[in-house]
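Residues per chain are reported as follows:
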Amino acid sequence: MINLAINIPRKQFASNGIVALRNLEFSITSGEFVALVGPSGAGKSTILNIIGGLDRDYDGDVLINDQTLRDCSTHPARIGYVFQEPRLMPWLTVIQNVELVLDGEHDQRSRAREMLEQVELTGRAESYPGQLSGGMQRRVALARAFATRPNLLLMDEPFVSLDEPTAQRLRGNLLSLWQALRPTVVFVTHNLLEALTLADHVLFLSASPGTMIHRLAIDIERPRSLQDPTIGELYQRVMREQPEILSGLVTDNLESVQATGQKRNTR
Amino acid sequence: MLSERRLHALSLFSFFVLWQLIAQILQYPSLPSPIAVAASLWHHLVSGDLLYSLGITLLRVLIAFFIAMLIGTACGILMGRYRTADNALDGILVLGLNIPALVTIILCYIWFGLIEAAAITAVAINKIPTVVVTVREGARAVDHKLLEVADAFHLAWQRKLMRVYLPQLYPYLMAAARSGLALIWKIVLVVELLGRSNGIGFQLGTFFQFFDITSILAYTFAFAAVVLLVEGIIMRPIDNRISRWRN
């Protein structure tokens, strides 16, 4: 059970003075799958860092289950984090990298094996990350994030630069994990089609400094796939009505973009 | 093509042959032949004084080495990590790097007396600054993105230290240990020469007074053999183990 409420009037980096976020406010209910979409530099990674408790230097508050994150000595959530780069420890083998985050749990070896099986890397368990391709490293990073049985899953463009069949399979893994454990998911991507396929809600961010410009609820029944006509239709409609939304710009009549499932909302 | 190992052996062998030839031709009393040195080495070995001195010196080297590594590593991490610490200690560090070993040794003996603790302290003080410099470099190069992984997944601090932080420092610690041993060997001998009544340095001093060049060389080679042994059975295996992932 992880509910999130984010209210950040301003986030400025002390090191270079850049304002990354401004008047950012949204909340996510427990078990929800939310995708953050926006142009590069919109502060998407910054938002994940803040939610994950890695960055505490911002104005405003992040509430996790009504607790102020800043006041928590340890993060209230059990986090699975997939960074933009794989960030594996090069001196640990693949399986040791997964075990690293399973702090002293008794079944850590078998759990790590199980996770590697899911990303189809059992054969490379004893390899070092340097011996793997970029795509394989990403899969190890996913296995590591899933291994903790997270109730809050933070993912920063996890499927970028993977070949499409692999990405497809891993999206499937992600969804089955999500359906099994129901973690709250915050998923950063710049691939709108991917966002529409995976998420319950898509939050669109403006160009820097990032703020939320639109929240799109998607009530298309699952399972969905990238190829579903309804997804394609929704994508087309978003792009038609808000052609600049992926650059972080919106034209006035935001309300017109509504998700459709079986039923089409009339306005 | 000769293998590396063969080339090694060949060059050493040629060196000894050349030395033997020159010694035989010149017949100077101050240039003993390698065969005479080997005989002397055997004599000192059998009589026991060589092993005793070697043991004493090794013990001093070991203690001074660990003290220097421990303090040097702690200061190095501190200075690499925190700018304030770096600024505060940098002046002292530069001073420490540039004080001649002999000065530290003399001062330690004068202030603390001709005791074991003074000898060890003098050696450690000479070594600490170079350890600090090397480890500080490593601490500055630590990849914060990997530390963030540890934080994101809430690793316990011991685990973060042992599996995420220190592995990044290993190459630097290894370099500090290697150069550290090389330096400490040398300084310990001086310390023994100046203020101890046992150990290799003391023995060399005695031989010097009797102009016993053969014994000096015999001791030197015994010492060199120990250094090679330490490199081969301790340093290199550790090095291989911690850099296994690079291959």
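What you are looking at is a predicted structure, and each value in this text was computed from that prediction instead of being measured. (Residues numbered from 1 in each chain as written. Chains lettered and ligands numbered in written order. Predicted model: local features only at pLDDT ≥ 70, side-chain atom pairs only at ≥ 80, totals over all residues.)

(A) Spotlight on the overall build of chain A. Helix and strand content of chain A: seven helices and 10 strands. In terms of overall size, chain A behaves like a compact globule, its C-alpha atoms giving a radius of gyration of 19 Å where 267 residues would be expected to give roughly 18 Å. Projecting the C-alpha coordinates of chain A onto the three principal axes gives extents of approximately 55 × 45 × 30 Å. Classification of the 267 residues of chain A by burial places 41% in the buried group. Sequence-distant contacts, at least 24 apart, represent 69% of the contacts inside chain A between residues at least 6 apart. (Helix = DSSP H or I, 4+ residues; strand = E, 2+ residues; numbered from the N terminus. Rg over C-alpha atoms; globule rule 2.2 N^0.38 Å. Buried ≥ 20, exposed ≤ 12 C-beta atoms within 10 Å, placed from the backbone. Contact = placed C-beta atoms within 7 Å.)

(B) Quick look at helix 1 (residues 44-51) of chain A. Residue and element names in this part refer to chain A. Of all eight residues in helix 1, seven are buried; the element is thus mostly enclosed. Those residues of helix 1 not exposed but buried are K44, T46, I47, L48, N49, I50 and I51. Remark: G53 follows helix 1 within two positions and exhibits a positive phi of approximately 80°.

(C) Fine view of the sheet that holds strand 6 (residues 79-82) of chain A. Residue and element names in this part refer to chain A. Reading across the sheet, the six strands line up as 6-7-8-3-9-10 and stay open at both edges, with mixed pairing between neighbours. A single partner strand is all that each edge strand has here, and the edge strands are strand 6 and strand 10 (212-217). Adjacent strand axes in the sheet meet at a mean angle of 15°, parallel and antiparallel pairs treated alike. Of the pairings in the sheet, the one linking strand 3 (residues 33-37) to strand 8 (residues 184-189) comprises five bridges and is parallel in character. Bridging from a neighbouring strand, A35 pairs with F187 of strand 8. Running over the sheet, helix 4 (residues 134-147) touches strand 6 and strand 7 (152-156) and is turned about 170° from strand 6. (Pairing = 2+ DSSP bridges. Axes fitted to C-alpha atoms, helices over the stretch in contact; angles between N-to-C directions.)

(D) Expanded view of the packing of helix 9 (residues 200-209) of chain B against helix 10 (residues 213-242) of chain B. Residues and elements named next belong to chain B. Where helix 9 meets helix 10, the axes come as close as 9 Å, and the angle between the chain directions of the two elements is 160°. Between helix 9 and helix 10, the crossing angle belongs to the class labelled roughly antiparallel. The chirality of how helix 9 crosses helix 10 is left-handed. Only S215, I216, Y219 and F223 of helix 10 make contact with helix 9, whose side of the interface consists of I200, Q203, L204, F207 and F208. When grouped by side-chain class, the residues that make up the contact of helix 9 with helix 10 number seven nonpolar, two polar and no charged. (Parallel < 35°, antiparallel > 145°, perpendicular 65-115°, else oblique. Left-handed = near helix turned anticlockwise from the far one by under 90°. Nonpolar A, V, L, I, M, F, W, Y, C, P; charged D, E, K, R; others polar.)

(E) Structural context of the interface of chain B and chain A. On the side of chain A, 17 residues touch chain B, which itself brings 15 residues to the contact. Mapped onto the side of chain B that touches chain A, the elements with two or more residues apiece are helix 7 (144-152) and helix 8 (157-195) of chain B. Considering each element in turn, the side of chain B that touches chain A owes the most residues, six residues, to helix 7 of chain B.

(F) The arrangement of the nonpolar core in detail. A:V34, A:L36, A:A143, A:F187 and A:V202 are the most contacted members of the largest nonpolar core, which totals 79 residues. At eight residues, the largest contribution of residues to this core is made by helix 4 of chain A. Counting residues in each nonpolar core, the second largest holds 43 residues, with B:L54, B:A118, B:I120 and B:A176 among its members. (Core = buried A, V, L, I, M, F, W, Y, C linked by C-beta atoms within 7 Å.)

(G) Structural detail: the confidence of the model for chain B. Confidence in the prediction of chain B, expressed as mean pLDDT, is 92, and 99% of residues score 70 or more. Overall fold confidence for the complex sits at a pTM of 0.82, while the interface term, ipTM, reaches 0.86. (pLDDT = per-residue confidence, 0-100.)

(H) Representation of unusual backbone geometry within the structure. Residue and element names in this part refer to chain A. Cis geometry is found at the peptide bond from S208 to P209, where omega equals -5°. The peptide bond linking R222 to P223 adopts the cis configuration, its omega dihedral lying at -5°. Along the chain, P223 falls in the loop between strand 10 and helix 7 (229-241). At R87, a position not held by glycine, the phi torsion is positive, near 50°.

(I) Here's a closer look at the sheet that holds strand 4 (residues 59-64) of chain A. Residues and elements named next belong to chain A. Read across the sheet, four strands follow the order 2-1-4-5 without closing on themselves; strand pairing throughout is antiparallel. In this open sheet, the two strands that pair with only one neighbour each are strand 2 (19-28) and strand 5 (67-68). Two elements, strand 1 (residues 4-12) and strand 2, share eight bridges in a ladder whose sense is antiparallel. When the sheet's bridge partners are listed, A5 is paired in strand 2 with S27. Where helix 1 meets the sheet, it contacts strand 1, strand 2 and strand 4, and its direction lies at approximately 60° from that of strand 2.

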